[in-house]
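Overview (structure and organization)
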Amino acid sequence: MIIGIDIGGTHTDAVCVDGRNITATAKTVTGDDLVHTIRDAIEALAIDFSKISRTVLSTTLSTNSIIEKKYAPAGMIVSAGPGIDPRRYFFTDDFHLVEGAIDHRGREYIPIRADEVARVAGTLKKKGVDGVGIVSKFSVRNPSHEIAIHSIINSEFEHVSLGHTLSGGLNFPRRIHTTFFNTAVMPVQKRFVHSVRKALAELGIRSPLLFLKADGGTFSDSAADRHPVETILSGPAASMMGGLALCHDPQTTTLMLDIGGTTTDIGILIGGVPILEPKGVDIGGLKTLVRGLKVMSVGAGGDSCVRVSGSEILVGPDRDGPPACMGGPSPTPMDALAVLGQFTKGDRQKAVQAVTPIAGRLGQDLSDVCRRIISILVGNIKKSACAFIDEVNRHPVYTIYEMLHPEIVEPGQLMAIGGPAAQLKPYLEESFGMRCTVPEHAMVANALGAALARTTRQITLTADTQLRRMICPELGIDEQIPASMTLSDLRRRGERELRDNADRLGISAQGEISVLEEQVFNIVRGFSTTGRNMRLKLQTKPGVIEEWSAL
Amino acid sequence: MITARRKTGLIFFPAYDWEISPSHPERQERLLYTQDQVMEEGVLDIEGITEFKAGLATEKDICRPHFCVPDVESRITPSHSVSAGGCIEAARLVLDGTVDNAFALVRPPGHHAMRVVHGARGFCNINIEAVMIEWVRKHYPHIRKIAVVDTDCHHGDGTQDVYWHDPNVLYISLHQDGRTLYPGSGFPEEFGGPNALGKNLNIPLPPRTSDEGILHVMEHFVMPVLKDFEPDLIINSAGQDNHYSDPITNMSFTAGGYARLNEILAPDICVLEGGYSIEAALPYVNTGIILALAGVDYSYIREPDLDPERIREDPRVIDYIRNLTDDLLDLWSRREHFERPQEEFFRRSRNIFYDTDGISESQHEVVRVCTECPGAYRIDSSASTGYHVLAIHIPWGACSRCREQGLAWFEKPDRKNYYAVYLQDMDNDEYSVKIL
Ligand SMILES: [Zn+2]
Ligand SMILES: [Zn+2]
């Protein structure tokens with residue numbers, strides 16, 4: 001049995017899955033103490049705790065601490081060398097620039113100065129800073145400067161993150177942001193993981209604890225201790241994965257709509273896998289290297305505020321409160337549904353009272369106006385969805401082959417979850433001109449998504465046979481290679497490393513490995529080839545665990 | 001977070017699956033390290049700098065500036081359509097107002113490709129700037145005067161040739177002196193055809209010219225000329241082989257110099273041309289150019305091995321360049337007073353060598369000297385490939401006499417043994433071919 005828990009802003013959902021069956025669900029109120037909340041949710045499931053094989057959490061802990069800036073002060077030691085002035089990316093006084101530079105092939109051209117690093121560490125220590133992030137430009141091509149800085153300051157700080165271990169992607173400013181956030185939320189996350197483990201033990205649950213990440217995959221609690229930044233934005237990831245788990249025909253390209261009160265999250269599933277942000281997700285107004293799902297959030301939901309402007313009806317993008325039929329202040333699409341008798345939970349009379357003035361001002365029949373309100377809401381969602389698909393398809397490509405054989409993303413079905421999904425289904429089908437599925441357990445889709453997501457990690461390998469060097473930043477590998485190494489050697493090596501380090505990466509060693517990208521280029525000196533520059537990205541494939549999807 | 005002062009569009013198309021040969025300077029990984037540097041610097045995350053997808057130039061787009069012999073399909077590969085299509089996208093972004101300026105960081109290059117194309121010259125098959133310019137003139141008729149400032153180290157003999165007779169396209173080339181480098185042309189005496197005198201300006205620079213010399217030419221010659229010409233669109237053919245580390249040239253320009261050049265010029269569109277120091281120069285030069293276009297501080301962009309003292313030019317080089325720019329400026333100021341040929345038709349004959357494909361071509365050109373329009377012309381071209389063709393150009397804004405003359409040349413070729421007769425009718429956007 002697997003337990004999935006999604007801690008949302010107001011509600012916490014829990015679900016228990018046994019094989020292909022959902023055996024229990026629970027919905028509780030999210031309290032101030034997240035550990036209590038988790039405990040309550042598990043207890044509300046009323047199941048035999050000894051049979052739980054793993055517990056997966058999707059929390060807003062790191063997301064909120066970043067957005068609300070409720071994190072511990074963290075110092076940053078950054079080496080860059082020439083290029084865009086890195087101080088443009090510094091946002092507290094605890095960011096320090098030190099000497100040192102590495103070029104795009106990973107060659108050092110300005111060394112680190114130990115005395116300078118030690119002095120900076122001393123300054124941070126004196127200020128009482130406990131956590132330090134270390135970043136150097138091109139550290140994913142040569143991590144030695146980050147490692148050197150770490151060894152100089154090693155014993156002095158409790159929480160340390162090294163940029164190259166967090167992502168193999170190139171992007172120095174994003175590496176700075178990612179490393180800062182990781183360091184800053186580390187103490188909060190560590191405390192949290194510790195308390196959750198304790199609470200689970202008290203309930204008699206000793207099986208593994210996992211966390212959902214922004215990319216719709218999971219990793220172990222100990223990996224989450226070291227890389228808490230990867231657990232940001234797990235909410236939208238949970239809903240996309242939940243939708244995927246409940247999708248009857250995941251092989252058809254699916255447009256996923258998570259329709260809430262205020263916003264609708266739009267995502268795309270291709271071949272049973274959600275699409276990712278190519279460079280990394282944004283959080284707190286900053287860009288990171290954190291691998292995450294590509295999701296567009298639009299201000300269109302069941303509680304969107306309805307207004308009249310001239311002869312136009314405007315729906316959203318803001319929310320004024322709950323629908324009028326639930327005691328709210330203004331008319332909403334839910335009220336329109338209530339008037340039409342398609343939403344029966346609220347007070348229909350209040351809905352009629354709220355929508356009637358609009359009908360009056362427009363001189364239209366009440367039910368016509370209601371249908372118009374809903375079609376405007378659905379139209380807004382559709383407009384954003386089309387822009388989203390368009391954006392995906394406009395992604396630049398770098399080879400002639402891809403230019404001549406474009407892979408066009410064209411969804412063939414809709415999947416809607418969230419509060420108003422069931423009521424909006426017929427309107428969505430008409431507007432989009434395709435089948436829309438609203439799954440049976442849509443109410444606990446997020447918790448289900450957490451429960452059923454596979455473990456995922458990505459590693460990056462670069463091999464330069466002229467410099468005789470291979471690097472895998474995520475695993476800290478930096479070693480000499482023979483000049484004869486080929487791309488298939490590198491691929492085999494990467495697959496082996498991914499399996500051998502499964503524990504450390506916090507993933508299952510059985511996960512299906514897929515190649516995300518591979519490239520090989522000649523290195524030419526004068527007019528002869530003197531080596532090969534190879535780049536490889538491997539991942540354990542995201543998706544829903546086989547026990548669920550195989551049946 | 002950094003915000004750009006100007007919205008800049010980047011069309012990046014490295015064509016990782018195209019090369020002339022694996023160890024040729026024009027090979028697959030030419031822009032690989034540039035991509036690494038641009039990515040690592042986070043240039044594309046700067047607010048206001050946006051990457052856009054390249055497009056595909058159509059056969060018609062290519063026929064506007066070129067007579068491809070025997071046809072477009074035989075002379076290009078898909079890579080050329082994408083590279084030219086990338087330039088077209090850059091122009092579209094700028095002219096539609098999506099961005100303030102754009103950089104087509106594409107390959108393969110094009111500035112050695114001439115109007116008649118029998119094969120590849122100087123790694124170029126089609127002139128990607130010219131394909132873009134003619135597309136602009138077709139789709140944005142309010143763009144009447146265009147300036148191309150070619151800062152590649154090699155003389156852009158292709159662009160010079162395509163616009164030799166066109167008074168509305170000003171071509172200015174700064175390059176290493178043709179006596180010391182391919183293609184061996186690009187002297188001040190090459191001043192434009194009889195209907196476009198003064199609209200072709202060459203500034204041959206001595207080997208080892210560095211930042212001071214090149215920027216002097218920009219400030220004291222190129223900018224005053226542009227001020228007089230008042231172009232509607234400025235294009236920089238941004239070749240990067242003036243760099244001190246370039247393996248096939250002998251100049252001493254730096255990444256900072258290239259950035260400053262673009263800051264001074266403030267082009268609407270930059271198009272990558274040559275530049276073969278793929279590890280030591282291109283990553284830094286391209287980063288610098290993008291930042292300069294966007295109005296972002298580039299002063300910290302510097303090559304790892306830069307030693308300004310080592311590459312500084314000899315004072316005699318600076319003196320030479322000062323005198324040269326003074327003379328050229330004087331020549332430019334007298335452009336209206338040059339005497340045009342008195343006869344109705346002006347003829348020239350020349351031989352053209354296609355070094356990349358090893359083809360030689362012989363051309364006999366006749367242009368109608370006209371005060372009403374840029375003048376129709378015909379080119380009788382025979383190449384060592386065996387093709388002998390006649391190519392006729394009726395220019396944008398052709399007067400009725402030039403139009404009649406062009407059509408007459410096309411209808412009644414002067415000899416029977418041409419393989420084919422081609423016609424470019426710009427105003428009607430019609431490109432015809434008759435196989436004889
Ligand atoms: Zn060149
Ligand atoms: Zn005329």
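Residues numbered from 1 in each chain as written. Chains lettered and ligands numbered in written order. Predicted model: local features only at pLDDT ≥ 70, side-chain atom pairs only at ≥ 80, totals over all residues. Heavy atoms only, no water.

Moving on to the overall build of chain A. For chain A, the helix and strand inventory stands at 17 helices and 27 strands. A compact globule built from 551 residues should have a C-alpha radius of gyration of about 24 Å, and chain A, at 26 Å, falls within 12% of that. Taking the principal axes of its C-alpha atoms as reference, chain A extends roughly 80 × 60 × 50 Å. Looking at chain A as a whole, 59% of its 551 residues qualify as buried. Taking the contacts inside chain A whose residues are at least 6 apart along the sequence as the reference set, 64% of them involve residues at least 24 apart. Taken as a whole, chain A presents about 21700 Å² of accessible surface, with 50% of it coming from carbon and sulfur. The centroid of the 59 positive side-chain charges in chain A is displaced by 4 Å from the centroid of its 61 negative side-chain charges. (Helix = DSSP H or I, 4+ residues; strand = E, 2+ residues; numbered from the N terminus. Rg over C-alpha atoms; globule rule 2.2 N^0.38 Å. Buried < 20%, exposed > 50% of the residue type's maximum accessible area, 1.4 Å probe, protein only. Contact = heavy atoms within 4.5 Å. Areas by Shrake-Rupley, 256 points an atom, 1.4 Å probe, with all protein chains shown as cover. Lys, Arg positive; Asp, Glu negative; His and termini not counted. Charge placed at Lys NZ, Arg CZ, Asp CG, Glu CD.)

A separate point is the coordination of the zinc ion (ligand 1). All names here are of chain B. Around the zinc ion (ligand 1), the donor atoms from the protein are Asp152 (OD), Asp152 (OD), His154 (ND1) and Asp241 (OD), and they sit 1.9 to 2.8 Å away. For the zinc ion (ligand 1), the four donor atoms in the first shell make angles of 52 to 155 degrees at the metal, so the coordination geometry reads as irregular. Overall, the relative accessible area of 0% leaves Asp152 in the buried class. (Donors = N, O, S within 2.8 Å, 3.2 Å for Na, K, Ca; no water. Tetrahedral: all angles 85-135°; square planar, octahedral: opposite > 155°, others 65-115°.)

Residues and elements named next belong to chain B. Taken domain by domain, chain B consists of domain 1 (3-335) and domain 2 (345-435). Each of domain 1 and domain 2 was reduced to a C-alpha centroid, and the two centroids are 27 Å apart. Opposite the 32 residues of domain 1 that make contact, domain 2 presents 37 residues. Both faces considered, domain 1 and domain 2 share a buried interface measuring about 2800 Å² in area, 59% of it formed by carbon and sulfur atoms. Of all residues in domain 1, the largest losses of buried area upon contact with domain 2 belong to Phe67, His118 and His165, amounting jointly to 25% of the total for that side. Where domain 1 packs against domain 2, one counts four salt bridges. Applying the counting rule to domain 1 against domain 2 returns 24 residue pairs in polar contact (both at pLDDT 80 or more). If you list the elements that add at least two residues to the side of domain 1 that touches domain 2, you get helix H2 (59-63), strand E3 (67-68), strand E5 (116-117), helix H5 (128-139) and helix H6 (157-162). Looking at which element gives the most residues to the side of domain 1 that touches domain 2, the answer is H5, with three residues. (Domains from an automatic or database assignment. Buried area = accessible area lost by both parts, 1.4 Å probe. Salt bridge = Lys/Arg side-chain N within 4 Å of Asp/Glu carboxyl O. Polar contact = N/O pair within 3.5 Å; in protein donor to acceptor, adjacent residues only side chain to side chain.)

Turning our eyes to something else, we now look at a nonpolar patch on the surface. Taken together, the side chains of Tyr419, Val433 and Ile435 of chain B make up a nonpolar region of the molecular surface, amounting to roughly 270 Å² of accessible area. Note on placement: Tyr419 of chain B falls in the loop between helix H12 (400-411) and strand E15 (420-425). (Patch = residues over 30% accessible without salt bridge, like charges linked within 9 Å, V, L, I, M, F, W, Y side chains within 5 Å.)

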